[in-house]
Amino acid sequence: EPEVTQTPSHQVTQMGQEVILRCVPISNHLYFYWYRQILGQKVEFLVSFYNNEISEKSEIFDDQFSVERPDGSNFTLKIRSTKLEDSAMYFCASSEGGQGSQPQHFGDGTRLSIL
Amino acid sequence: QKEVEQDPGPLSVPEGAIVSLNCTYSNSAFQYFMWYRQYSRKGPELLMYTYSSGNKEDGRFTAQVDKSSKYISLFIRDSQPSDSATYLCAMSGRSFGNEKLTFGTGTRLTIIP
């Protein structure tokens, strides 16, 4: 079964450094998402991306965050200057989109630890 | 009031029991309802999805939606130790596939052999 893959599985970074989290969505999917889950808390929406532009973002997704689809297969989340509170699991998800499509499929996440 | 509320548990039941997991929500715009299963250090795995009110059955799993009460349930029959995981409810307003999901906090379930 096709799956969403994320790399790295664990990223350790010094506060203030830039990080890029990478995702390869399912190949025929058109909608891409990033969510995060702080330890012990619920999964929270960050941003959705369709047709090479952001379609929706949450208040968490401030100017420190950006997303990009640099080629036909990868989808990245960049955090420009990391803070301690950015430590969390980051999940990428993708979906076919459109009426009648299945819900989003998630990757196994990148655990981001900010020191 | 939180948009989606879910009892975090933990919930422990003996193998073979029927498990009932529930979420309530406050946003009446939600029409699409999903259950995800999350094993430790893994991503959410889609389990069931339903549109609007009613029941949907898939093997040992049944999803129920009562929009009038803003209440959704997932039932697991003949529970197995492999069902031990955290169960997340999720919801959206316009579609399954092209809108952000709003999640509950998840219920941690343990099936005791």
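Residues numbered from 1 in each chain as written. Chains lettered and ligands numbered in written order. Predicted model: local features only at pLDDT ≥ 70, side-chain atom pairs only at ≥ 80, totals over all residues. Heavy atoms only, no water.

Participant: Run through the interface of chain A and chain B, naming residues and quoting values.
Facilitator: As a measure of interface size, the accessible area lost when the parts come together is often cited. Facing 22 residues of chain A, the contacting portion of chain B comprises 22 residues. The junction of chain A with chain B conceals about 1900 Å² of combined surface from both sides, 53% of it contributed by carbon and sulfur atoms. Among the residues of chain A in contact with chain B, Lys42, Pro103 and Phe106 of chain A are the three that bury the most area, contributing 29% of the side total. Across the contact surface, chain A and chain B share two salt bridges. We note a salt bridge from Lys42 of chain B to Asp108 of chain A, for which the minimum N-O separation is 3.5 Å. One can count eight residue pairs in polar contact (both at pLDDT 80 or more) joining chain A with chain B. (Contact = heavy atoms within 4.5 Å. Buried area = accessible area lost by both parts, 1.4 Å probe. Salt bridge = Lys/Arg side-chain N within 4 Å of Asp/Glu carboxyl O. Polar contact = N/O pair within 3.5 Å; in protein donor to acceptor, adjacent residues only side chain to side chain.)

Participant: Can you break down the layout of surface pockets residue by residue, with the values?
Facilitator: Over the atoms rolls a probe the size of a water molecule, and in doing so it shows where empty space is left. The calculated volume of the largest pocket comes to roughly 760 Å³. Residue lining of the largest pocket: 25 residues in total, with Gln37, Leu39 and Gly40 of chain A together with Gln38 and Arg108 of chain B positioned closest to the centre. For the lining of the largest pocket, the elements supplying multiple residues, two or more each, are strand E9 (88–95) and strand E11 (110–114) of chain A together with strand E9 (85–92) and strand E11 (107–112) of chain B. With three residues, the top contributor of residues to the lining of the largest pocket is E9 of chain A. (1 Å grid on protein atoms, 1.4 Å probe; cavity = no way out; pocket = protein on both sides within 12 Å on 5 of 7 lines; lining within 4 Å. Points joined across faces, edges and corners; volume = space filled by probe spheres on them. Helix = DSSP H or I, 4+ residues; strand = E, 2+ residues; numbered from the N terminus.)

Participant: Any details on the sheet that holds strand E1 (residues 5–7) of chain A? Residues and values, ideally.
Facilitator: Where strands meet in a sheet, backbone hydrogen bonds hold them as pairs that are either parallel or antiparallel. Residues and elements named next belong to chain A. The four strands lie next to each other as E1-E3-E8-E7, forming an open sheet whose pairing is antiparallel. At either end of the open sheet lies a strand with only one pairing partner, and these are E1 and strand E7 (65–68). Adjacent strand axes in the sheet meet at a mean angle of 20° when their direction is disregarded. Strand direction decides the pairing type here: E1 and strand E3 (residues 19–24), joined by three bridges, are antiparallel. Along E3, the bridge assignment pairs Gln6 with Cys23. (Pairing = 2+ DSSP bridges. Axes fitted to C-alpha atoms, helices over the stretch in contact; angles between N-to-C directions.)

Participant: Please provide a residue-by-residue account of the packing of aromatic side chains, values included.
Facilitator: For the structure shown, the criterion picks out 15 aromatic pairs over all chains. When the centroid spacing of 5.9 Å and the interplanar angle of 85° are considered together, the rings of Tyr35 of chain A and Phe103 of chain B count as edge-to-face. Of this pair, Tyr35 of chain A sits in strand E4 (residues 31–37) while Phe103 of chain B sits in strand E10 (residues 102–103), on two different chains. We note that Tyr35 of chain A, like Phe103 of chain B, is buried. (Phe/Tyr/Trp six-rings, centres within 6.5 Å; stacked < 30°, edge-to-face > 60°. Buried < 20%, exposed > 50% of the residue type's maximum accessible area, 1.4 Å probe, protein only.)

Participant: A description of the pairing of strand E4 (residues 32–38) of chain B should follow, citing residues and the corresponding values.
Facilitator: Residues and elements named next belong to chain B. Counting buried positions over the seven residues of E4 gives seven, a clear majority of the element. On E4, burial covers both faces: Tyr32, Met34, Tyr36 and Gln38 on one face and Phe33, Trp35 and Arg37 on the other are all buried. Where E4 and strand E5 (residues 45–51) come together, six bridges link them in antiparallel fashion. When the bridges of E5 are listed, Tyr36 appears paired with Leu46. In textbook terms, the turn of a hairpin is the stretch between consecutive antiparallel strands, and for E4 and E5 this stretch comprises six residues, one of which, Arg41, has a positive phi near 60°. By the bridge criterion, seven bridges tie E4 to E9 in an arrangement that is antiparallel.

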